[in-house]
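# Examination of the molecular architecture
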There are 2 protein chains.
Amino acid sequence: MSIKGQPPQSQAQTHSLSQMEKRPLYEQIKETLLARLAADYWRPGELLPSEPKLAGEFGVSQGTIRRALDEMVSQGLLTRHQGRGTAVTEHTPFRFFDLLRADGARELPESKTLRISVNAASRTERDALELATGKKVIRIIRVRYLNLEPKIYETISVSRDLFSAFATMDARDVPNTIYNYYEQKFGVPVVSKRDRLRAASATQVEARYLHIDVGTPLLEIECVAYSHRNQPIEQRISRCLTDEHHYCSSPS
Amino acid sequence: MSIKGQPPQSQAQTHSLSQMEKRPLYEQIKETLLARLAADYWRPGELLPSEPKLAGEFGVSQGTIRRALDEMVSQGLLTRHQGRGTAVTEHTPFRFFDLLRADGARELPESKTLRISVNAASRTERDALELATGKKVIRIIRVRYLNLEPKIYETISVSRDLFSAFATMDARDVPNTIYNYYEQKFGVPVVSKRDRLRAASATQVEARYLHIDVGTPLLEIECVAYSHRNQPIEQRISRCLTDEHHYCSSPS
DNA sequence: ACCTCAAATTCTTATATAAGACTTAGAACA
DNA sequence: TGTTCTAAGTCTTATATAAGAATTTGAGGT
């Protein structure tokens, strides 16, 4: 029984990759790992146990672990290096920011929060965030600067039930890279998003903050951010001045 | 030798998955299959040989074939069904059309070609299509209709060297779903694309064709379409009226 | 400071078994 | 005689495991 390299103690009971389950093993394992990631079991940048170790822990072969990890890598959740190990991806602040300069370079925007308010969710907010009628949302309105010039007028909506801490927060304390904040303060990582884009005209308010004329064409990006299991986390409507930048779709 | 179902003639010598090669087998196989796809060795919708057959042909195990096929499936080139087989994906006309109605439904646009011309390639065209200085392009300008209303003013640019047949074509004969035409007439399938989006103002010409006022905000989509091996095929600039439709990014 | 070697890791390939889908032979029935 | 249904058989892809190769890292020696 005393095989060298065996993991310490008894820890083989808690996983229960139920044999009765119809779903394939690698999928159950992926789900478990996903849950751990969501629970901050491993920190971003941290190395996961090696494939053989995980295989031992779950009582399956290395290849099965590998398949689960492969899928998470293709989702951008993990990063692997031969000879080194498998790490939790550290999301750069750029990960979900798709406005590029003409030369293709990315600039990190600065942000100035204008207002935080609590409102009844609108129809589109309820649809996007999958909220029941009567639920409330917290709205954060801010202006974002690229190369020190105001380029984006942005309205962020989140469920008050999930992010009540925002309601009492001072506008100055709203962090710039807010997805990181969701992950660190609330333990809710944003792992995917879906964008819808239109052309629009600058309103009076937008014109004032973006230093442009009323009616100037703006690129409107309506973005819904999702956490694990496709749970919608945030709706964001960004109205962007695209004189020096453009939105870049991920190559399909 | 006369095994039933055997492909005709001798075809087992040409593969040469050179043992000297440093690249993994599955990658070399993928490359070969990709080349066959590009050469129209199998037609869209057609079933490929089964995994064991391919394994036998290439002299590798089924798992290795599987890995090559898996990657091509994830790129959307192949479609697999357990128990049936692996087929070449038939691209619907919608595959690369990202303008959706508010309810999320897709409408196939009608097109009216306005003009076909041959010009020296502009700077952006040369960049997009990777053409040498002095090379010429064929430009196709057309209006596209959604639900019978003019919504898109579109300029298509392709290399004259590759698509000379366009130069002498009557405007009325330009097909609506032009990617299919590339694949069927020129044997050049479009397998991916990259979009860049901006907000813009309708010019006088656009205003006339789209039945709108000059200066109306339009969504400008600059799209470069690629064939196998990332060869750029076409640049397309679509200026879209987004009062009833919106651009939808593929979920990342 | 540089080189060598050993240990740990992921990567590649192969093989075996399971599960789903289509085909066809043949019985049952009209 | 023709039709319909059933079930077995055969083809397909899906899943799981194992073993050796390639790569990185770091310790130890020169």
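Higher on the page you've got the structure.
Here is a short report on the structure shown in this document. Per chain, residues are indexed from 1 in the order of the written sequence. Labels follow written order: the first chain is A, the first ligand is 1, and so on. Owing to the predicted nature of the model, reporting of local features is limited to residues with pLDDT of at least 70; listing and counting of side-chain atom pairs is limited to 80 or more, with chain, interface and lining totals taken over all residues. Side-chain measures here rest on the full set of heavy atoms in the structure, leaving out hydrogens and waters.

Residues are labelled near a given molecule or strand when at least one of their non-hydrogen atoms is within 4 Å of it. With respect to spatial proximity, 24 residues lie near DNA strand D, and among them Leu 25, Thr 64 and Gln 82 of chain A together with Glu 51 and Arg 66 of chain B are the closest. Sugar plus phosphate: this is where 76% of the atoms of DNA strand D within 4 Å of the protein reside. Take Thr 64 of chain A: an N or O atom from its side chain is 2.8 Å from a phosphate oxygen of DNA strand D. Contact between DNA strand D and Glu 51 of chain B: a phosphate oxygen at 2.8 Å from a main-chain N or O atom of the residue. For the surface near DNA strand D, the secondary structure elements donating two or more residues are helix 1 (25-38) and helix 3 (62-74) of chain A together with helix 2 (51-58), helix 3 (62-74), strand 1 (78-81) and strand 2 (85-88) of chain B. Partitioned by chemical class, the residues of the surface near DNA strand D number five nonpolar, twelve polar and seven charged. Identification of polar contacts relies on pairs of N or O atoms within 3.5 Å, with a donor-acceptor requirement for protein atoms, meaning one able to donate a hydrogen and the other able to accept it, and with residues adjacent in sequence counted only if both atoms are side-chain atoms. Helix and strand definitions here come from DSSP, where helices need a minimum of 4 consecutive H or I residues and strands a minimum of 2 consecutive E residues; each element is numbered from the N-terminal end. All amino acids are sorted into three groups, where Ala, Val, Leu, Ile, Met, Phe, Trp, Tyr, Cys and Pro are nonpolar, Asp, Glu, Lys and Arg are charged, and the leftover types, Gly among them, are polar.

A few words now on helix 5 (residues 178-186) of chain A. All names here are of chain A. Remark: exposure states derive from per-residue accessible area (1.4 Å probe, protein chains only) relative to the maximum for the residue type, with buried under 20%, exposed over 50%, and partly exposed in between. Three or more residues of helix 5 are buried, namely Ile 178, Tyr 179, Tyr 181 and Tyr 182. For helix 5, the buried positions fall inside an angular range of 155° around the axis, keeping them on one side. Contacts from the buried residues of helix 5 go to strand 5 (136-146), strand 6 (149-159), strand 8 (217-226) and strand 9 (232-240). Two residues or fewer after helix 5 comes Gly 187, characterised by a positive phi angle close to 70°. An arc is given here, and it is the one of the directions from the helix axis to the C-beta atoms. Here a residue-residue contact requires only that any non-hydrogen atoms of the pair lie within 4.5 Å.

Let us now look at the sheet that holds strand 5 (residues 136-146) of chain B. The eight strands lie next to each other as 3(A)-10(A)-7(B)-8(B)-9(B)-6(B)-5(B)-4(B), forming an open sheet whose pairing is antiparallel. A single partner strand is all that each edge strand has here, and the edge strands are strand 3 (99-101) of chain A together with strand 4 (110-120) of chain B. Pairs of neighbouring strands in the sheet enclose a mean axial angle of 25°, with direction left out of account. When DSSP locates at least two bridges between a pair of strands, those strands are taken to pair. In the sheet, strand 3 of chain A pairs with strand 10 (residues 245-248) of chain A via three bridges, with the strands oriented antiparallel. Looking across to strand 10 of chain A, one finds that Leu 100 of chain A is bridged to His 246 of chain A. Lines fitted to the C-alpha atoms define the axes, with helices restricted to the stretch that makes contact. Angles between their N-to-C directions range from 0 to 180 degrees. Along the sheet, helix 5 (residues 178-186) of chain B contacts strand 5, strand 6 (149-159), strand 8 (217-226) and strand 9 (232-240) of chain B; its crossing angle with strand 9 of chain B, the most-contacted strand, is approximately 165°.

Each partner contributes to the interface: chain A provides 25 residues, whereas chain B provides 25 residues. Buried area counts how much accessible surface, traced with a 1.4 Å probe, disappears from two parts once they are put together, with both parts' losses summed. In this assembly, chain A packs against chain B so that about 2,000 Å² is buried in total across both faces, 53% of it on carbon and sulfur atoms. Every case where a carboxyl oxygen of Asp or Glu lies within 4 Å of a side-chain nitrogen of Lys or Arg is listed as a salt bridge. Linking chain A with chain B are zero salt bridges. Counting every contact that joins chain A to chain B gives six residue pairs in polar contact (both at pLDDT 80 or more). Only strand 7 (192-201), strand 8 and strand 10 of chain A provide two or more residues apiece to the side of chain A that touches chain B. It is strand 7 of chain A that provides the largest number of residues to the side of chain A that touches chain B, a total of ten residues. One ladder, built from two bridges, connects strand 10 of chain A with strand 7 (residues 192-201) of chain B; its direction is antiparallel.

This part takes up the protein's contact with DNA strand C. Glu 51 and Arg 66 of chain A together with Leu 25, Thr 64 and Gln 82 of chain B are the nearest of the 25 residues found near DNA strand C. For DNA strand C, the fraction of protein-proximal atoms (within 4 Å) that sit in sugar or phosphate groups is 77%. A distance of 3.3 Å separates a phosphate oxygen of DNA strand C from a polar side-chain atom of Arg 67 of chain B. In this structure, a phosphate oxygen belonging to DNA strand C sits 3.4 Å away from a side-chain N or O atom of Arg 84 of chain B. Secondary structure elements with two or more residues in the surface near DNA strand C: helix 2 (51-58), helix 3, strand 1 (78-81) and strand 2 (85-88) of chain A together with helix 1 (25-38) and helix 3 of chain B.

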